[in-house]
Amino acid sequence: WRRVTVGLALGVVVLLPFAVGLYQISDGNLANLFDSVNDLGPLRLRDKVWVRYLPLLTGIGFHGMGGDAAQDLWAVNPVPEPLWALVGVLTVLGGGVALVVRRFRYLAVPLFLWILLPLLVFWPNFLLVFAHYFIPSLPALALCVGIGVVALLDGIGALAARFKLPARAAWMGRVVVVGALAVALASQGIWYFGMLDFVNEHYTAGAFSTPLRMSMAVAGALAPYDDVLILGAQSAYSGHQVWRALLYDTASSVREVAITQGGLLVFPAGPFAVLTAPRALPYPGEEIYATDSTLIFHLRPGGEGEYRIDTFEEAPAWNGPPLQDLGPVRFANGVTLTGYTLEDGRLYVGFTLPGAPEPRYMRWFAHFLDADGERIGQYDVDFWPGHHWREGDRLIAWVDVEEPAEMATIRFGLYVIEDGSFRNIDVLDDANNPAAPWFDLGVGE
């Protein structure tokens, strides 16, 4: 039982980072995680989870790390597959020997639990699976290789004794085995450094991301600014999570400006920098963040693009149609509606933000009502996520609309979605008491 416990503990160590990650993305609510699993559809067992171990066992298949440039990587840095296959053979041999040879049997249970438990966990179609998930199992694989080598060397000695071969023959056989393994391992190291040189100079779409040396040059240029906005048009392009880590020691606020509908511009209260991600989709209104002193950081050739940095000591002036002042209209969560305009089929609204974050998913809305109070147009738009808010931020958001001729009132408001239901954020009166669940503005007022 001691060996079983050790093996289970080692297997759990491999899985622990993923368990923590799953807990974090479920916001600490396991029910959310189970809901996500249910969304995956019928349970299936995937063959590829076993294939992911092949690069770890042998190194064969690592050229796929070149992504779209995998064939180019193979051309300049070919893989000696027959030689590397020896490592896989020794791994399998060592595992088998641990099972049947008494000398190594005490290692069998912990080794196999260490190796197989993570494989079994990732075998169903619950999660995406990649080879690097199993890196913490590498020591177990190395132990299997070592057992395989010892067993092979012992076997050579036994054969030499059985057939009464000269000691030199046994010695030469052992030299061949150890030498072949040494050459295989050395070639893996040489190939790996060659691969690093390749991905350092070639764009590897779908595989290695931007080399750290290039990212750190960008981070150095951003270091003087405590507030960094990242333009990516959509979250898939911004790299926001990466930059939060790279700028952890220099910027207390690293915020993504991305949209799902209409447009959004952020006007911080203090100095800030704008980082435009490479290959980002055109961002509506992004020209307002353009300066005459843009810093450009070219990335790897082949289409990776460039990072652009524009810096501001104060927010630029809004260059769109002027907004009609609304008072302002204060909401219970600290957001203030400051103005609006409706021009050429586009509705613009202005907000100011509090410093306190809003953890809930929130939307702003504009409903068009006729003279009888009937809704004849509705536009509900995602608000900028509350974890990005900073005291004094101004937002201008817009959405394309159709203006009904009979429109008499525009109803503005905010709502959050909690436990699957909608809840309006109240508008406050001058005494900070809830006055209404929305703000109605007569057209022409």
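Note: the structure precedes this text.
Presented here is a report on the structure given in the accompanying data block. Bear in mind the structure is a predicted one, so any value in this text is a computation, not a measurement.

### Some details on the nonpolar core
- Core analysis: the largest hydrophobic core is formed by 48 residues, its most contacted members being Tyr289, Trp364 and Phe383.
- A per-element tally of this core places strand S12 (residues 394-400) first, with five residues.
- Aside from chain neighbours lying at most four places away, what touches Trp364 is Leu347, Val349, Phe351, Tyr379, Asp380, Val381, Asp382, Phe383, Ala397, Val399, Gly413 and Leu414.
- In terms of nonpolar packing, the next biggest core, distinct from the first, is built from 22 residues, Tyr53, Ala98, Phe104 and Ile147 among them.

### With respect to helix H7 (residues 102-122)
- The terminal C-alpha atoms of H7, which comprises 21 residues, lie 31 Å apart, in line with the 30 Å expected from a rise of 1.5 Å per residue.
- Taking the largest bend as the criterion, H7 deviates by roughly 40°, centred on Ala108, and proline Pro110 comes between one and four positions later.
- All of the buried residues along H7 are Phe104, Ala108, Pro110, Leu111, Trp114, Ile115, Pro118, Leu119 and Phe122.

### What about the packing of aromatic side chains?
- Under the criterion given, the structure shown has 15 aromatic pairs.
- Each ring, one from Trp84 and one from Trp191, has its centre 5.8 Å from the other, and the planes form 90°; the classification is edge-to-face. Separated by 107 residues along the polypeptide, Trp84 in helix H6 (residues 81-100) and Trp191 in helix H9 (residues 167-201) bring together distant segments of the chain.
- A relative accessible area of 1% places Trp84 in the buried class.
- Centre to centre, the rings of Tyr348 and Trp398 are 5.9 Å apart; their planes meet at 45°, and the pair counts as tilted.

Rules behind the numbers
- Residues numbered from 1 in each chain as written.
- Predicted model: local features only at pLDDT ≥ 70, side-chain atom pairs only at ≥ 80, totals over all residues.
- Heavy atoms only, no water.
- Core = buried A, V, L, I, M, F, W, Y, C linked by side-chain atoms within 4.5 Å.
- Buried < 20%, exposed > 50% of the residue type's maximum accessible area, 1.4 Å probe, protein only.
- Helix = DSSP H or I, 4+ residues; strand = E, 2+ residues; numbered from the N terminus.
- Contact = heavy atoms within 4.5 Å.
- Expected span 1.5 Å × (residues − 1).
- Bend = angle between axes of the 7 residues up to and from the residue.
- Phe/Tyr/Trp six-rings, centres within 6.5 Å; stacked < 30°, edge-to-face > 60°.

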